[in-house]
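Below, each chain spelled out in residue letters.
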Amino acid sequence: MKKKIVFIVGSLRKKSFNRQLAEKCAEIIGERAEVSFLEYADMPFMNQNAENPVPTAVFRVREVVQDADGIWIFTPEYNAAIPGVLKNLFDWLSRPLVAGNFSSGTAVMGKKVTISGAGGKNATRSVRADLKKLLEFMRMEVIFGEGTGIALDGSAFANDVLSLSGESTAELAKQADAFLGAE
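Residues numbered from 1 in each chain as written. Predicted model: local features only at pLDDT ≥ 70, side-chain atom pairs only at ≥ 80, totals over all residues. Heavy atoms only, no water.

Can you walk me through the nonpolar core in this structure?
Side chains of nonpolar character tend, in soluble globular proteins, to be buried together. Judged by nonpolar contacts, the single largest core of 29 residues is most densely connected at Ile-8, Leu-86, Leu-89, Phe-90, Leu-131 and Leu-135. Secondary structure elements with two or more residues in this core: strand 1 (3-9), helix 2 (56-67), strand 3 (70-74), helix 3 (84-93), strand 4 (112-119) and helix 4 (125-137). Top element by residues in this core is helix 3. It accounts for five residues. Beyond its immediate stretch of four places on either side in the chain, Leu-89 contacts Ile-8, Leu-38, Tyr-40, Met-43 and Val-61. Among the nonpolar cores identified, the runner-up in size contains 23 residues, and Val-9, Leu-21, Phe-74 and Ala-176 belong to it. (Core = buried A, V, L, I, M, F, W, Y, C linked by side-chain atoms within 4.5 Å. Buried < 20%, exposed > 50% of the residue type's maximum accessible area, 1.4 Å probe, protein only. Helix = DSSP H or I, 4+ residues; strand = E, 2+ residues; numbered from the N terminus. Contact = heavy atoms within 4.5 Å.)

Structure below.
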């Protein structure tokens, strides 16, 4: 049976470089796993006053994530930090499945996760380090450390097209192998 991998893109922009990166990684994975993209633009802002009953969008996202064998995050870096939409998503996913019962677990506890990102000269280094720390705090199993970062050149920003070098593609293939091989 093929593993189910959920891709989470940390940008909601239509031509997001990280959406393009995720699509290239889906090609790298090929038929080795079932890949889907998490749609979460309708998630409300995290607010404990709105936590119970669980909002419909949160319930739907939790079900998708719980059904997956692993999560691959593709994220830009916003001002050297985690994009707000992505942080909000993980704030919701970190909440207990049974309201007020922190021993009930979360939708992501124990879930395998890996990180990649495309951005400027920093190659999303800061956000990948912060995400690794956050995901480990949430008791997820981070595979491939801080993951793979892609530094975009000026032409990418001028034409809105992600172009990967052979070296970057090879590193992403290595990451995919490590992630899919994790038991």
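Past the structure itself, the notes keep going.
I'm lost on the packing of aromatic side chains in this one. Help?
We describe a pair of aromatic rings using the distance from one ring centre to the other and the angle between the two ring planes. This structure, assessed with the given rule, holds six aromatic pairs. For the pair Phe-7 and Phe-37, a centre-to-centre distance of 5.4 Å together with 80° between the ring planes defines the contact as edge-to-face. Of the two residues, Phe-7 sits in strand 1 while Phe-37 sits in strand 2 (residues 33-37), which places them 30 residues apart along the sequence. On the accessibility criterion, Phe-7 (0% relative accessible area) is buried. Ring centres of Trp-72 and Phe-74 lie 5.1 Å apart, and the angle between their planes is 20°; this geometry places the pair in the stacked category. The residues Trp-72 and Phe-74 share a single accessibility class, namely buried. (Phe/Tyr/Trp six-rings, centres within 6.5 Å; stacked < 30°, edge-to-face > 60°.)

How should I be thinking about helix 1 (residues 17-29) in this particular structure?
Because each turn of an α-helix spans 3.6 residues, side chains separated by three or four positions in sequence point in the same direction. Here helix 1 contains 13 residues, and its C-alpha end-to-end distance of 18 Å stays within 8% of the 18 Å for a straight helix at 1.5 Å per residue. Regarding helix 1, the residues found buried are Phe-17, Asn-18, Gln-20, Leu-21, Ala-22, Cys-25 and Ile-29. Gly-30 sits one or two residues past helix 1 and shows a positive phi near 60°. (Expected span 1.5 Å × (residues − 1).)

Teacher, can you tell me more about the packing of helix 1 against helix 6 (residues 166-181) here?
To describe two helices that pack against each other, one gives the angle between their axes and the distance between the axes. At their nearest, the axes of helix 1 and helix 6 sit 10 Å apart, and the two run at 65° to each other. Where helix 1 crosses over helix 6, the two elements pack in a sense that is right-handed. Side by side, helix 1 and helix 6 meet where Leu-21, Cys-25, Ile-28 and Ile-29 of the first sit next to Thr-169, Leu-172, Ala-173, Ala-176 and Leu-180 of the second. Its residues placed into classes, the contact of helix 1 with helix 6 shows eight nonpolar, one polar and no charged. (Axes fitted to C-alpha atoms, helices over the stretch in contact; angles between N-to-C directions. Left-handed = near helix turned anticlockwise from the far one by under 90°. Nonpolar A, V, L, I, M, F, W, Y, C, P; charged D, E, K, R; others polar.)

Looking at this model, I keep getting lost on unusual backbone geometry. Mind explaining?
Of all residues except glycine, most have a negative phi; of all peptide bonds, most are trans. Each neighbour pair has its own omega, and for Asn-52 with Pro-53 the value is 5°, a cis peptide bond. Looking at the element boundaries, Pro-53 is found in the loop between strand 2 and helix 2. One non-glycine residue, Asn-79, adopts positive backbone phi at about 50°. Mapped onto the secondary structure, Asn-79 falls in the loop between strand 3 and helix 3. We note that Phe-144 has phi near 75°; this positive angle belongs to a residue other than glycine. Relative to the elements of secondary structure, Phe-144 occurs in the loop between strand 5 (141-142) and strand 6 (148-151). Its relative accessible area of 23% is what places Phe-144 among the partly exposed residues.

Which parts of the structure should I look at to understand the packing of helix 2 against helix 3?
Relative to each other, helix 2 and helix 3 sit at 80°, their axes nearing to 10 Å. Here helix 2 lies roughly perpendicular to helix 3, going by the angle between them. Residues Val-58, Val-61, Arg-62 and Val-65 of helix 2 form the contact with helix 3, whose own contacting residues are Leu-89, Trp-92 and Leu-93. Tallied by class, residues from the contact of helix 2 with helix 3 come to six nonpolar, no polar and one charged. (Parallel < 35°, antiparallel > 145°, perpendicular 65-115°, else oblique.)

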